[in-house]
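Single-letter residue listing:
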Amino acid sequence: MSPTVAVLGAGYAGAGAIPEFEDRLGDDADLVWISDTDYHLVLHEAHRCIRDPAVREKITIPVTDIKSPGTQFVQAEVTGLDTDDRVVELDGADDVAYDYVLVALGSQTAYYGIEGMAENALTLKSLDDALDIHEHVKDAAREATREDPAKVVIGGAGLSGIQSAGEVAEFRDKHNAPVEVYLVEALPEIFPPGDAEVQGALRHHLEEADVNILTDDPITSADEDEIHFDERDSLDYDVFVWTGGITGRDALDDTSLENEHNRLNTGQDFQTSDDRVFAIGDSAIIEQPGENPAPPTALAAWQAAEVAAKNVANAIDDHPLETWTYHDEGTLISIGDTAIAHEVTVYGIDAPIRTFNGLPAKMLKKGAAARWIAKITSPTRAIKAWDAL
């Protein structure tokens, strides 16, 4: 009897792994793909929908365009993983028994116990989230005046926060809307993972876009129309978006697998504390050489998918597992219609290029998204999506 391999999630990790599984397993296993959406979202472009909801047509890819007919797809929410009985527990469909499972459920927003944050802040973890932010910004702008502009506050100045602030600013400028944009960060500087050079470039472009930047003071609580800080005066708002961090999905609340905040601990081979369970993407904390695990980024998930599929196939055949090392290809961040590129590896050039912006950076960022879409579907679909990326 053929083993059943279940893949949980349709994010970068899951969508990237499915074609690899199909190539490696063929008819030797029954492949079941489980997700609560019947499409893959190019999540690092979801912020574009804050400005223009029509973009969703270009950044959502039906699972039927990714998988082969032989792969079973189940649209349902994963609510649990019973590793004793080897069952994926679902809401919206019958539970699925597995022999091996790849957990690629992604993450959810972390609120860090900040009072009122979960109840009052919008988030950006899905297409619906991006569309919801658009509607809130549009409604707030409609009710505002030049004398009393709408205040849109983005909490967290990492990648998602910076890009979201840029899109709100573009919405404001496109519609000549009475909107003030604030970007709030607890740490002394925006984009905390970056060095001073890229931080300075990002700050310059955000300030040029009339984004107010407030740093070095954490949010301590959030009310229905006001956020409070440790030292700074409270800031009232009309729309508040929180992008401050990630944690594992609730589906893993009761897992017996080794984990940190519902993110499964794995070795460099993606194997968890259960040799039948593998994990990649934001669902995992993946060991790497040195002190730091692999970053929870789209790029890391893209890179990991191929090796993860190979290792599940190796486990089925009782072959040695391969190790994976993350390769940092640089940082690409959009601020509205412009972009910043930092430490980017360019073919034919030995050393990464430090920091640059303008059309070259914009083309590189668009190209990265297009390359991903082409990889899991076709170049034709990537070309059709180009203008929205």
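Further up the page is the structure itself.
Residues numbered from 1 in each chain as written. Predicted model: local features only at pLDDT ≥ 70, side-chain atom pairs only at ≥ 80, totals over all residues. Heavy atoms only, no water.

This part takes up the overall build of the protein chain. Helix and strand counts for the protein chain stand at ten helices and 25 strands. For 389 residues, the compact-globule estimate of 2.2 N^0.38 gives 21 Å, and the protein chain sits close to it at 21 Å. Its C-alpha atoms give the protein chain principal-axis dimensions of roughly 70 × 50 × 40 Å. Once local pairs closer than 6 in sequence are excluded, the contacts in the protein chain between residues at least 24 apart make up 62%. (Helix = DSSP H or I, 4+ residues; strand = E, 2+ residues; numbered from the N terminus. Rg over C-alpha atoms; globule rule 2.2 N^0.38 Å. Contact = heavy atoms within 4.5 Å.)

Attention shifts here to the pattern of salt bridges. Within the structure shown, the criterion is met by 21 salt bridges. Among the salt bridges present, the one from R249 reaches D36, with a minimum N-O distance of 3.9 Å. Placement of the pair is R249 in the loop between strand 18 (246-247) and strand 19 (259-260) and D36 in the loop between strand 2 (30-35) and strand 3 (39-41), with a sequence separation of 213 residues. The class of R249 is partly exposed, set by a relative accessible area of 25%. Looking at D36, the relative accessible area reads 41%, which means it is partly exposed. R48 is the partner of E45 in a salt bridge, and the nearest nitrogen-oxygen pair spans 3.2 Å. Through salt bridges with shared partners, a single ionic network connects E45, R48, R51, E167, D337 and K365. (Salt bridge = Lys/Arg side-chain N within 4 Å of Asp/Glu carboxyl O. Buried < 20%, exposed > 50% of the residue type's maximum accessible area, 1.4 Å probe, protein only.)

Looking now at the packing of aromatic side chains. Within this structure, the stated rule accounts for seven aromatic pairs. Between W33 and F73, the ring centres sit 5.8 Å apart and the planes meet at 80 degrees, which makes this aromatic pair edge-to-face. A residue pair is termed long-range when its members are at least 10 positions apart, and W33 in strand 2 and F73 in strand 5 (residues 72-75) qualify at 40 residues. Consider the rings of Y237 and F240, whose centres lie 5.3 Å apart with planes at 50 degrees: the pair is tilted. (Phe/Tyr/Trp six-rings, centres within 6.5 Å; stacked < 30°, edge-to-face > 60°.)

What follows deals with unusual backbone geometry. Here the phi dihedral of N176 falls at roughly 50 degrees; this positive angle occurs in a residue that is not glycine. Secondary-structure assignment places N176 in the loop between helix 6 (159-175) and strand 12 (179-184). A positive phi is found at N262, a non-glycine position, where the angle reads about 70 degrees. Examined against the element boundaries, N262 turns out to sit in the loop between strand 19 and strand 20 (263-266). A relative accessible area of 12% places N262 in the buried class.

The next subject is empty space enclosed by the protein. Per the stated rule, a full pass over the model turns up one cavity of 30 Å³ or more. Estimates place the volume of the largest cavity at around 60 Å³. Together, R263, G281, A284, I286, A294, P295, P296, T297, A300, A301, A304 and W324 line the largest cavity. For the lining of the largest cavity, the elements supplying multiple residues, two or more each, are strand 22 (284-286) and helix 8 (298-316). No other element matches the three residues that helix 8 contributes to the lining of the largest cavity. (1 Å grid on protein atoms, 1.4 Å probe; cavity = no way out; pocket = protein on both sides within 12 Å on 5 of 7 lines; lining within 4 Å. Points joined across faces, edges and corners; volume = space filled by probe spheres on them.)

The subject of this paragraph is the packing of helix 1 (residues 12-25) against helix 9 (residues 358-376). It is the contact of helix 1 with helix 9, at a shortest axis distance of 10 Å, that shows an interaxial angle of 40 degrees. Judged by the inter-axis angle, helix 1 sits oblique to helix 9. Contact with helix 1, carried on its side by Y12, A15, G16 and E20, involves W372, K375 and I376 of helix 9 and no other residues of that element. Its residues assigned to classes, the contact of helix 1 with helix 9 comprises four nonpolar, one polar and two charged. (Axes fitted to C-alpha atoms, helices over the stretch in contact; angles between N-to-C directions. Parallel < 35°, antiparallel > 145°, perpendicular 65-115°, else oblique. Nonpolar A, V, L, I, M, F, W, Y, C, P; charged D, E, K, R; others polar.)

Pairing in this open sheet of three strands is mixed, and the strands run 19-20-22 from one edge to the other. In this open sheet, the two strands that pair with only one neighbour each are strand 19 and strand 22. Across two bridges, strand 19 lies against strand 20 in antiparallel orientation. Paired with N259 across the bridge in strand 20 is L264. (Pairing = 2+ DSSP bridges.)

Moving on, we come to a negative patch on the surface. Together, E77, D84, D85, E89, D91, D94, D95, D250, D253 and D254 make up a negatively charged patch on the protein surface. Within the secondary structure, E89 is located in strand 7 (residues 87-91). (Patch = residues over 30% accessible without salt bridge, like charges linked within 9 Å, V, L, I, M, F, W, Y side chains within 5 Å. Areas by Shrake-Rupley, 256 points an atom, 1.4 Å probe, with all protein chains shown as cover. Lys, Arg positive; Asp, Glu negative; His and termini not counted. Charge placed at Lys NZ, Arg CZ, Asp CG, Glu CD.)

So, on to the environment of G248. Within the secondary structure, G248 is located in the loop between strand 18 and strand 19. Separated by 16 residues in sequence, G248 and L264 place their C-alpha atoms 8.2 Å apart. Apart from the residues within four sequence positions on either side, G248 is in contact with Q108, H261, N262 and R263.

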